Amino acid sequence: MPITPNLYEVRVLAEALGVSAESVTVHSREPLGTGSVTGLQVDAEESLHYFVDTSGLSVAAETGLADAVESPSTRIWLHPADPHLPALAPVAFDDAARTLLDRLGITAIGKPEFIGYRPGRRAVLRVPIIDGAVWIKVVRPSRVQRIVRAHEAAASAGIRVPEIHGWSDEGLLVMASASGTPAADVDWDPGALLDQVDALREQFAAVDWDAPARSAAHRLDWYAGRGDAAVARLVPRTRAILARAAEVGERPRVVVHGDLHFGQLFLEDGISAVIDIDTLGLADPAEDAAAFLSHTIASARLTEAHNRGRVWALADLAAARWAGDQLTLGLTLVHLIGHAMAAGDRGDARASAEIEAAAEALLDARAPSTSESKSPLTDVFDSP
């Protein structure tokens, strides 16, 4: 069954807009600050996307409804007027993006396209230009200088990252395309790619950087608070694994990417570039191993049939190489819980069950690929 939408957010938005709760559906939810930000769709004459924010984070200026509902710490905004990302709305439309790029000597030949959006955190837009595309990244104003310095530090260590054409203190960066071809579009060999990933991790470890990265383990309490069935089964075992890892004592910290997965990699005779190093920081090296393994597992079930075996092979090799380490295993489970819950929030019960099955495979010391035919819902969905 799909994860039940959070009724508080649905009710708050319905009451604020004067619409029926039946016209509001949840499409996303993730932690932010001391609360969360929930994406909701309102079906009226046109489909509108709202966000209900209980993060408790302060913003320079409100862009929607605040202090207008039962909790003064709750705010509502209509996409793209994200109050945490004040530079987003001004560049989300054609004329504004074109004007911005003109100032940098770049000519846009099309409209900006949203490629990724994490409410309250960041947005990425692609803008076509004559010889390809440039990328507009919008982040919280407090993060922009750190990202610029991270690019400089990584480049100084010989890691190829996209060039930054320009940036502003309002939280805006304009970046060149990465060198090479996205890994998802290349016929890589699983073993060779995993070797290249380990070499890249060694490069990151040599970066001159002293800011800490946030561990994925911090998300576990928020996940546990959701009360979902998958969480109820996996959280206690995940906690036990992380506790055993902690008994070993703190290990040396190194610089990690912080959100490493093959969607961040570009290839051309090896890894030619890596993107999204916003999360660069000092942490246990298990953080990158766990992020890569969990994302690969989540991606395998989404990959077209003719390539799925190769992605599962990458996941199996990564698990065999890294998941014997208790901290890596525990952090991988945290990521997979998050993937399963996100699928449930989208109403995709099958995906949630399949990801949970992959987590169970890891807990049983089995290859992740063995879970593909062992999802609790496989028979339900595959029956004629």
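Cut-offs applied
- Residues numbered from 1 in each chain as written.
- Predicted model: local features only at pLDDT ≥ 70, side-chain atom pairs only at ≥ 80, totals over all residues.
- Heavy atoms only, no water.
- Pairing = 2+ DSSP bridges.
- Helix = DSSP H or I, 4+ residues; strand = E, 2+ residues; numbered from the N terminus.
- Buried < 20%, exposed > 50% of the residue type's maximum accessible area, 1.4 Å probe, protein only.
- Contact = heavy atoms within 4.5 Å.
- Arc of directions from axis to C-beta.
- Axes fitted to C-alpha atoms, helices over the stretch in contact; angles between N-to-C directions.
- Parallel < 35°, antiparallel > 145°, perpendicular 65-115°, else oblique.
- Left-handed = near helix turned anticlockwise from the far one by under 90°.
- Nonpolar A, V, L, I, M, F, W, Y, C, P; charged D, E, K, R; others polar.

Attention now goes to the sheet that holds strand β11 (residues 181-182). The three strands are arranged β11-β13-β14 in an open sheet whose pairing can be described as antiparallel. The open sheet is flanked by β11 and β14 (271-274), the only strands paired with a single partner. Two elements, strand β13 (residues 265-267) and β14, share three bridges in a ladder whose sense is antiparallel. Each bridged residue has a counterpart across the sheet, and for Phe266 the counterpart in β14 is Ala273.

To continue, consider the environment of Pro119. With respect to the secondary-structure elements, Pro119 resides in the loop between β6 (113-118) and β7 (122-129). For Pro119, a relative accessible area of 4% translates into the label buried. Sequence spacing of Pro119 and Val52 is 67 residues, and the spatial spacing of their C-alpha atoms is 10.0 Å. When residues no more than four places from it in sequence are discounted, the contact partners of Pro119 are Glu30, Leu32, Val37, Phe51, Trp77 and Asp82.

Another point: helix α3 (residues 94-103). Buried within α3 are the following residues: Ala97, Leu100 and Leu101. Seen from one end, α3 has its buried residues packed into an arc of 95°, which puts them on one side. Opposite the buried face of α3, by more than 90 degrees, sit the exposed residues Asp95 and Arg103. Of the surrounding elements, those touching the buried residues of α3 are α2 (88-91), β7, β8 (132-139) and β10 (172-176). Where α3 terminates, the next one or two residues include Gly105, which has phi positive at roughly 75°.

This part is about the packing of helix α8 (residues 286-300) against helix α10 (residues 326-345). Closest axis-to-axis distance for the α8/α10 pair is 8 Å, and the angle between their directions is 40°. With respect to each other, α8 and α10 are oriented oblique. You can see that α8 and α10 cross each other, and the crossing is right-handed. In contact with Ala286, Glu287, Ala289, Ala290, Ala291, Leu293, Ser294, His295, Ile297 and Ala298 of α8, α10 contributes Leu327, Thr328, Leu331, Thr332, His335, Leu336 and His339. Grouping the constituent residues of the contact of α8 with α10 by class yields ten nonpolar, six polar and one charged.

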